[in-house]
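# Analysis of the macromolecular model
The lines below spell out each chain.
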Amino acid sequence: MKILITGISGFVGSYLAEYCLSMPGAEVYGTILSHHLGDEMKRIEGVKDKIKIFECNLTNRIAVERVLQEVKPDKIFHLAAQSFVRVSWDGPEDTIFNNIMSELNIFESCRNLGINPIIQIAGSSEEYGLVSEDEVPIKETNPLRPLSPYAVSKIGQEMLGYQYYKSYGLKVVLTRAFNHEGPGRGEQFVTSTFAKQIAQIEKGKQEPIVKVGNLQAQRDYTDVRDMIRAYWLATEKCEYGKPYNICSGKTWVIEKVLEFLLSLSTVKNIKVEKDPERMRPSDVQILKGDYSEFNKATGWNPEIPFEKTLEDTLNYWRERV
Ligand code: GDD
């Protein structure tokens, strides 16, 4: 089976590459952006001799078609995206253009080449946006009220997937992943930025102050190692064209995430300071999902407790700062 992972050197892509390689008979291919050839490649250092990598800007239709023509994949995990919510307000056109055009190019290339792989589209719980306390746990039928350009781009991706399934019978699998974390997470995301700052403080490389944004938001966290298992199962067992929540069904207030990481630190009395730069024009306040549809289709349940995810993330940064 030929598997293509877009954004293979990204946080999720690198875990998924390793997981796919453990499947009997799997050949793994991946795309990366050429400016990711440096640091990001470290994530796939361990598997780079077992996979074939293409430098490919997915917003370039010709480049996408060339890769698909060469690989002729049976499965595509389309993970490549501008995935940092905060940045999407600074450059909304970049986020919307990148996220939607890349997917459109994959779909149109498949049609043009006459291939019909299973294509997983990595949607997001951000799509739900404004959710009130009496609307949780969130089901797939909850309204989508996006609060960021990123969320709009993910809704666009999902709608495009639905339309290509209905119009042309493309085998599009739609996942709505809630937050997923773990070692190797990009340092701009909350678990990683807190853990990295604490690791730096422990090494005496930062004064004992952790900078933070909105601590009152609530997120539903899953370990990335559980998430990639879910993505695999989604492509094996889910119905095409129908969105599925993937989450733990439990929430953590961001303040508690910080408190837990601080409790693991060898330095006590670390101060916490609000950084206005880390605040968002409209933050999603509560995400707590219901994954019963996905469980029914696949039998999947999350296994790794979030405390372990946080501990592993802190240890990851301790080894690197
Ligand atoms: N990044 C960041 N940095 N977030 C902070 C900070 C900080 O210093 N302090 C508080 N927060 C709050 C944010 O305001 C948000 O409410 C929450 O922590 C989580 O922020 P992120 O880790 O940046 O993730 P996200 O929820 O915005 O988006 C992530 O999850 C989505 C799925 O729900 C990303 O992985 C998206 O790509 C993904 O789709």
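Residues numbered from 1 in each chain as written. Predicted model: local features only at pLDDT ≥ 70, side-chain atom pairs only at ≥ 80, totals over all residues. Heavy atoms only, no water.

## Details of helix α8 (residues 254-264)
Short version of the rule: Buried residues are those whose accessible area, probed at 1.4 Å on protein chains only, stays under 20% of the maximum for their type, while exposed residues exceed 50% and partly exposed ones sit between those limits. Here a helix means four or more residues in a row that DSSP labels H or I, a strand means two or more in a row labelled E, and each is numbered from the N terminus. The directions considered for the arc are those from the helix axis to the C-beta atoms. Any two residues whose heavy atoms approach within 4.5 Å at even a single point are treated as in contact.
All of the buried residues along α8 are Ile 254, Val 257, Leu 258, Leu 261 and Leu 262. For α8, the buried positions fall inside an angular range of 130 degrees around the axis, keeping them on one side. Buried residues along α8 sit in contact with α6 (190-202), β8 (209-212), β9 (218-219), β12 (252-253), β13 (271-274) and α10 (306-320).

## Here we look at the sheet that holds strand β2 (residues 27-32)
Applicable threshold: Two strands make a pair as long as DSSP finds a minimum of two bridges between them. For helices, the fitted line uses only the C-alpha atoms of the stretch in contact; every axis is such a line through C-alpha atoms, and the angle between N-to-C directions lies from 0 to 180 degrees.
On the basis of which strands lie adjacent, the open sheet formed by seven strands has the order β3-β2-β1-β4-β5-β6-β11 and parallel pairing. Each edge of the open sheet is held by one strand with a lone partner, namely β3 (51-55) and β11 (243-246). Going across the sheet, the axis of each strand differs from the next one's by a mean of 20 degrees, ignoring polarity. As paired elements, strand β6 (residues 171-177) and β11 share four bridges and run parallel to each other. Note on β11: the bridge partner recorded for Arg 176 is Asn 245. Its contacts with the sheet place helix α1 (residues 11-21) against β1 (2-6), β2, β3 and β4 (75-78), and it is angled at close to 170 degrees to β1.

## Some details on the site of the ligand
Our working rule: Working definition: residue near molecule or strand if any one of its non-hydrogen atoms lies within 4 Å of it. Under the rule applied, a polar contact is a pair of N or O atoms within 3.5 Å (in protein, one hydrogen donor and one hydrogen acceptor; residues adjacent in sequence only if both atoms are side-chain atoms). All accessibility values rest on the Shrake-Rupley procedure with a 1.4 Å probe; residue burial counts only the protein chains present in the view.
Neighbouring the ligand are 26 residues, the closest being Ser 83, Ser 124, Ser 125, Tyr 150 and Arg 280. Here an oxygen atom of the ligand sits 2.6 Å away from a polar atom, N or O, in the side chain of Ser 124. The contact in question runs from an oxygen atom of the ligand to an N or O atom on the side chain of Asn 179, over 2.8 Å. For the ligand, whose accessible area on its own is 720 Å², the fraction buried by protein is 97%.

## Concerning unusual backbone geometry
Cis geometry marks the peptide bond from Val 136 to Pro 137, where omega comes out at 0 degrees. Here Pro 137 lies in the loop between β5 (118-124) and α5 (149-168). Notably, Lys 72 is not glycine yet its phi reads approximately 45 degrees, a positive angle. Located in the positive-phi region is Asn 269, a residue other than glycine, with phi close to 60 degrees. By secondary structure assignment, the location of Asn 269 is in the loop between α8 and β13. Accessibility expressed as a relative area gives 74% for Asn 269, which makes it exposed.

## Regarding the environment of Asn 116
The topology assignment puts Asn 116 in the loop between α4 (92-113) and β5. Under the relative-accessibility criterion, Asn 116 is labelled partly exposed at 35%. Residues Asn 116 and Asp 74, 42 residues apart in the sequence, show an inter-C-alpha distance of 7.6 Å. In this structure the side chain of Asn 116 is engaged in a polar contact, spanning 3.3 Å, whose partner is the backbone oxygen of Gly 169.

## Points about the pattern of salt bridges
Note the threshold: Criterion for a salt bridge: a side-chain nitrogen of Lys or Arg within 4 Å of a carboxyl oxygen of Asp or Glu.
For the coordinates displayed, the defined rule picks out 26 salt bridges. The shortest N-O distance in the salt bridge between Glu 202 and Arg 318 comes to 2.7 Å. Separated by 116 residues along the polypeptide, Glu 202 in helix α6 and Arg 318 in helix α10 bring together distant segments of the chain. For Glu 202, a relative accessible area of 22% translates into the label partly exposed. The partner of Lys 256 in a salt bridge is Glu 259, and the shortest N-O contact between them spans 3.3 Å. A residue pair is termed a helical-turn pair when its members lie 3 or 4 positions apart in one helix, as Lys 256 and Glu 259 do in helix α8 at three residues. Relative accessible area serves as the criterion here: at 41%, Glu 259 is assigned to the partly exposed category. Salt bridges here are not isolated pairs; linked through shared partners, they connect Glu 126, Arg 219, Arg 280 and Asp 283.

## Regarding the side chain of Gln 82
Along the chain, the position of Gln 82 falls in the loop between β4 and α3 (87-90). On the accessibility criterion, Gln 82 (18% relative accessible area) is buried. With sequence-adjacent residues up to four places away left out, Gln 82 is seen in contact with Val 87, Ser 88, Thr 95, Asn 99 and Tyr 150.

## Regarding the domain arrangement of the chain
Just so we agree on the cut-off: Note: domain ranges come from an automatic or database domain assignment. For any pair of parts, buried area is found by adding up, for both, the accessible area (1.4 Å probe) each one loses once the two are put together.
Taken as a whole, the chain is organised into domain 1 (2-180 + 221-246) and domain 2 (184-219 + 250-318). Its C-alpha centre places domain 1 at a distance of 23 Å from the equivalent point of domain 2. Opposite the 36 residues of domain 1 that make contact, domain 2 presents 39 residues. Contact between domain 1 and domain 2 buries roughly 3500 Å² in total, counting both sides, with carbon and sulfur atoms accounting for 60%. The largest per-residue losses of area from domain 1 upon contact with domain 2 belong to Phe 84, Arg 86 and Tyr 221, which jointly make up 21% of the total buried on that side. Applying the counting rule to domain 1 against domain 2 returns five salt bridges. Among the salt bridges present, the one from Glu 303 reaches Arg 229, with a minimum N-O distance of 3.8 Å.

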